[in-house]
Every structure is written in structure tokens, then in C-alpha cells.
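Topology and contacts: notes
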Amino acid sequence: MRSLIDILDLSVEEIDDLIATACDIIDNPDKYAEACKRKKLATLFFEPSTRTRLSFEAAMLELGGSVIGFSAANNSSAAKGESVADTVKTISCYADIIAMRHPKEGAALVAANNASIPVINAGDGGHCHPTQTLADLFTIYREKGRLSDLTVGFCGDLKFGRTVHSLINALSRYAGIHIVLISPEELKLPSYVKKDVLQKNGIPYTQTTDLEGALPELDILYMTRVQRERFFNEEDYLRLKDSYILDLKKLEKAKSDLCVMHPLPRVNEISVAVDDDPRACYFKQVLGGKYMRMALILKLLKEASV
Ligand code: NCD
């Protein structure tokens, strides 16, 4: 059974196809309005979410399917001590496809190994978040017309930010990518991502603590929030949370066609004044995420039916 646990589970060609389907959905929504008639998506969210869960739900509804699920672990039998394996075996009796978010790294893989329907990883701890990456790639493609030959800056919590880890993995397969890692010392990209992804694929990268210094060379700036829920102590969080705040003054130093992205939720990292700047792409990213999730649901359900 084909699931999506890691962005590398999809080939570059498959990602191209998903982008093409998402574009076609935007142009011809009626064509897809009943594509998932009588199919059910189960959203199993053991960790809070606004965008990811609701965008999965909106995606399935726009495909003519329906949605069941829960939005917090304490609304499920996890609160009674049920394992992820048993939960997904149960859900496999009710639904056709699962989107699952869990605070533990590896939980999505456990789910996929136990479900008899496709499982989509909607975030597993600080590990990865492949459907956010699909939203990110779609946004980059729509804004820049390409996924290669780009200088991409990642700023903020590069240690715990699963969206960062997934997008770096995805970008490592395109030519001419330069990565600039901008973070406080304590929140640097984990060395396993540097070694296994950047160094292994020969992707040139630099590390800095200086956002303003890095800004002028960037085509894409991917801002992230400091991941409070993954900190061991609140003092460290409070010390680091406002390390970077992007405002209009700082943007004066950036390229006129910079694309500012953020997986959201935003806390303080981007001043709201930036929202009106044409370079702000983070709400377009939200919309793109819904279309890419539609394309993904269609693909996985189609593959499951043959
Ligand atoms: C991200 C996540 O959950 O990892 N949010 C999202 O899905 N768009 C980013 C975050 O929580 O900071």
C-alpha cells in the first residue's frame, strides 16, 4: 500500500505530476468535484493543527468525498493508552485514506506499516512534514517558474522545524540550489541533515546567525517560528523566540523578486506590515497546500484501487 511518510517517497517526476494536477484543479475545479465521491478521509491529529488538518478536510470535500477524524489526542482512545498501530487498524475499517499528525518522530511510519489504507504523514514530531513541502514546492514553482537554480535561505528554528528538514530534502534533488542556513547557534540544522542530505548530495550551503547580511543574495526566504513545544525548558524558548523578526526595513536589503515564505503559524517572526508587500507569499502557500493535498489524495486513492 503506497503511503507518503517522507517527501523522498515521491520521485521528482511524481512531484512534477502533482504540481501539474494541482494547476489543472485550479483551472478546472468542476472536473474534480466528484472525483472522490463515496470515499472517506480520516484525519487523525494527535497534535494541534489549523492549516494542515483543515486543508486536508477542505481538499477532500472539494473532491466530493467526506471526512471523519479527531483533532486532539485526548479526543481519541490514545488517552486510554491505545497504540498508534491499533488505532490505524481500526480506522482502516472505516476510511479509505488517513492523514495523521503525531508528536513522535516515526509515528507515521508505524501507522503506514499497520494500516491497510494509504497513510499521509501530516507531521511526525521534529522529523518531517511532506505535505507542507508539497505546498512549499508548489509556491516556489508558481512564483519562480522553476525549482532549480535558486538561493534559498532558511531562518529561525532549523533544529526542530520539520518543515525545514523536509524542504531541504526535497530541494536537494534539483540542480543549482544554494542553501543559506540562518539561525541562532542553539537552533542550527541537525548535523544528520547536513551530512545525509546537503553534504551527500553536494549541495553548497553556508551557515550564519546574520539574517540582514544574508538577505541580499536570497531568491527565497523561508521563515520559521521557534518550536516552543519541542523545547525542554521554557527559559531557553523565551531567550530564543524573538531571535529574528523580518520587517519592512530589513526587506529593503532584499531582491525585489524575493519570495518570503513561512509554513505558519507565525508568532513574531514576520511583522504584519510585511503581509502587504508583494514579496509576501505565505498566504498563497496556504492555498497552494490545499490544491497539492487534493492532487495527492487523488493519486494515492487511485494507486490503492489498482
Ligand atoms: C508547521 C508544522 O506543523 O510543522 N505548520 C504547518 O503545518 N503549516 C510549522 C509550525 O508549526 O511551525
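Note that this is a predicted model, so its numbers are computed, not measured. Residue numbering note: each chain is counted from 1, following its sequence as written. Where local features are concerned, this predicted model is filtered to residues with pLDDT of at least 70; where side-chain atom pairs are given and counted, the filter is 80 or more; whole-chain, interface and lining totals use all residues. As a convention, hydrogens and water are excluded, and side-chain values are obtained from all of the structure's heavy atoms.

1. Topic: the site of the ligand
The near set for a molecule or strand comprises every residue that places at least one heavy atom within 4 Å of it. Taken together, Thr52, Arg101, His129, Gln132, Arg162, Thr163, Arg225, Gln227, Pro263, Leu264 and Pro265 make up all the residues around the ligand. Contacts described as polar in this section are N or O atom pairs within 3.5 Å, which, within protein, must combine one atom able to donate a hydrogen with one able to accept it, while residues neighboring in sequence count only if both atoms come from side chains. Gln227 places a side-chain nitrogen or oxygen 2.7 Å from an oxygen atom of the ligand. Leu264 has a polar backbone atom sitting 2.9 Å from a nitrogen atom of the ligand. Taken together, the residues that form the shell around the ligand break down as three nonpolar, five polar and three charged. Any residue that is not Ala, Val, Leu, Ile, Met, Phe, Trp, Tyr, Cys, Pro, Asp, Glu, Lys or Arg is counted as polar, Gly included; the first ten are nonpolar and the last four charged.

2. A closer look at the pattern of salt bridges
If charged atoms from side chains of opposite charge come close, those side chains can pair. Salt bridge, as used here: a side-chain nitrogen of Lys or Arg that lies within 4 Å of a carboxyl oxygen of Asp or Glu. All chains considered together, the criterion is met by 23 salt bridges. In this structure, Glu47 and Arg230 form a salt bridge, with 3.1 Å as the shortest nitrogen-oxygen distance. Remark: Arg230 occurs in the loop between strand 8 (220–223) and helix 10 (234–240) and Glu47 occurs in the loop between strand 1 (40–45) and helix 3 (51–62); sequence separation between them is 183 residues. Pair check on accessibility: Glu47 and Arg230 agree, each one buried. Residue Arg239 is joined to Glu186 by a salt bridge in which the shortest nitrogen-to-oxygen separation is 2.8 Å. Here Arg239 is found in helix 10, whereas its partner Glu186 is found in the loop between strand 6 (177–182) and helix 8 (191–199), with 53 residues between them in sequence. Residues participating in the shared-partner salt-bridge network are Arg2, Glu14, Lys299 and Glu303. We count a stretch as a helix when DSSP gives it H or I for four or more residues in a row; a strand needs E for two or more, and each element gets its number in order from the N terminus. The buried label goes to any residue with under 20% of its type's maximum accessible area, the exposed label to any with over 50%, and the partly exposed label to all in between, with areas taken from a 1.4 Å probe on protein chains only.

3. Describing the domain arrangement of the protein
Boundaries between domains were set according to an automatic or database domain assignment. According to the domain assignment, the protein contains domain 1 (7–128 + 288–305) and domain 2 (130–285). Computed from C-alpha atoms alone, the centre-to-centre distance between domain 1 and domain 2 is 25 Å. Contacts are residue-level and defined by heavy atoms, with any inter-residue pair within 4.5 Å sufficient. Across the contact, 31 residues belong to domain 1 and 26 residues belong to domain 2. The quantity reported as buried area is the accessible area (1.4 Å probe) lost by two parts once they are put together, taken as the sum for both. Between domain 1 and domain 2, a total of about 2,300 Å² is buried, with carbon and sulfur atoms accounting for 63% of that surface. Where domain 1 meets domain 2, there are two salt bridges. One salt bridge connects Arg162 with Glu47, and the closest N-O pair in it is separated by 3.0 Å. For the pair domain 1 and domain 2, the number of links is eleven residue pairs in polar contact (both at pLDDT 80 or more). For the side of domain 1 that touches domain 2, the leading source of residues is helix 1 (residues 12–27), giving seven residues. For the side of domain 1 that touches domain 2, a count of residues per class yields 16 nonpolar, ten polar and five charged.

4. Some thoughts on the packing of helix 1 against helix 12 (residues 282–305)
Helix axes are fitted only over the stretch in contact, all axes being lines through C-alpha atoms; the angle between N-to-C directions runs from 0 to 180 degrees. Where helix 1 meets helix 12, the closest approach of the two axes is 8 Å, and the angle between their N-to-C directions is 115 degrees. Here helix 1 and helix 12 pass one another in a crossing that is right-handed. Each of Glu14, Leu18, Ile19, Thr21, Ala22, Ile25 and Ile26 in helix 1 lies in contact with helix 12, whose residues at this interface are Tyr291, Met292, Met294, Ala295, Leu296, Leu298, Lys299 and Glu303. Along the lines of polarity and charge, the residues of the contact of helix 1 with helix 12 split into eleven nonpolar, one polar and three charged. Two helices that cross are described as forming a left-handed crossing if the nearer one is turned anticlockwise from the farther one by less than a right angle, and a right-handed crossing if clockwise.

5. Thoughts on the sheet that holds strand 5 (residues 150–155)
Strands were regarded as paired on the criterion that DSSP finds at least two bridges between them. In space, the five strands of this open sheet follow the order 7-6-5-8-9, with parallel pairing throughout. Only two strands of the sheet have a single partner each, and these edge strands are strand 7 (205–208) and strand 9 (259–261). Across the sheet, the axes of successive neighbouring strands diverge by a mean angle of 15 degrees, strand direction being ignored. By the bridge criterion, six bridges tie strand 5 to strand 6 in an arrangement that is parallel. From the neighbouring strand, Gly153 faces strand 6, where its bridge partner is Val180. Against the sheet, helix 7 (residues 162–171) touches strand 5, strand 6 and strand 8, its axis set at about 165 degrees to strand 5.

6. As for helix 1
By definition here, a helix of n residues has an expected span of 1.5 Å times n minus one. Along its 16 residues, helix 1 runs 23 Å from first to last C-alpha, staying within 8% of the 22 Å computed at 1.5 Å per residue. Among all positions of helix 1, only Glu14, Ile15, Leu18, Ile19, Ala22, Cys23, Asp24 and Ile25 are buried. Summarising the contacts, the buried residues of helix 1 are in contact with helix 2 (29–32), helix 6 (130–144) and helix 12.

7. Thoughts on the environment of Thr139
Topologically, Thr139 is positioned in helix 6. As a C-alpha pair, Thr139 and Gly288 span 149 residues in sequence and 6.4 Å in three-dimensional space. When sequence neighbours within four positions are dropped, the list of residues in contact with Thr139 reads Met261, Cys281, Lys284 and Gln285.

8. Re the sheet that holds strand 2 (residues 66–70)
The strands that make up a sheet pair up through hydrogen bonds in the backbone, lying either parallel or antiparallel. Here we have four strands laid out as an open sheet, ordered 2-1-3-4, and parallel in their pairing. Of all the strands in the sheet, the pair left with one neighbour each is strand 2 and strand 4 (119–124). Neighbouring strand axes in the sheet, compared pairwise and without regard to direction, differ in orientation by 15 degrees on average. Strand direction decides the pairing type here: strand 1 and strand 3 (residues 97–102), joined by five bridges, are parallel. Bridging from a neighbouring strand, Leu41 pairs with Ile97 of strand 3. Against the sheet, helix 3 engages strand 1, strand 2, strand 3 and strand 4, with an angle of about 175 degrees to strand 1. Each of strand 1 and strand 3 touches helix 4 (residues 84–91); the most contacted strand, strand 3, lies at about 155 degrees to it.

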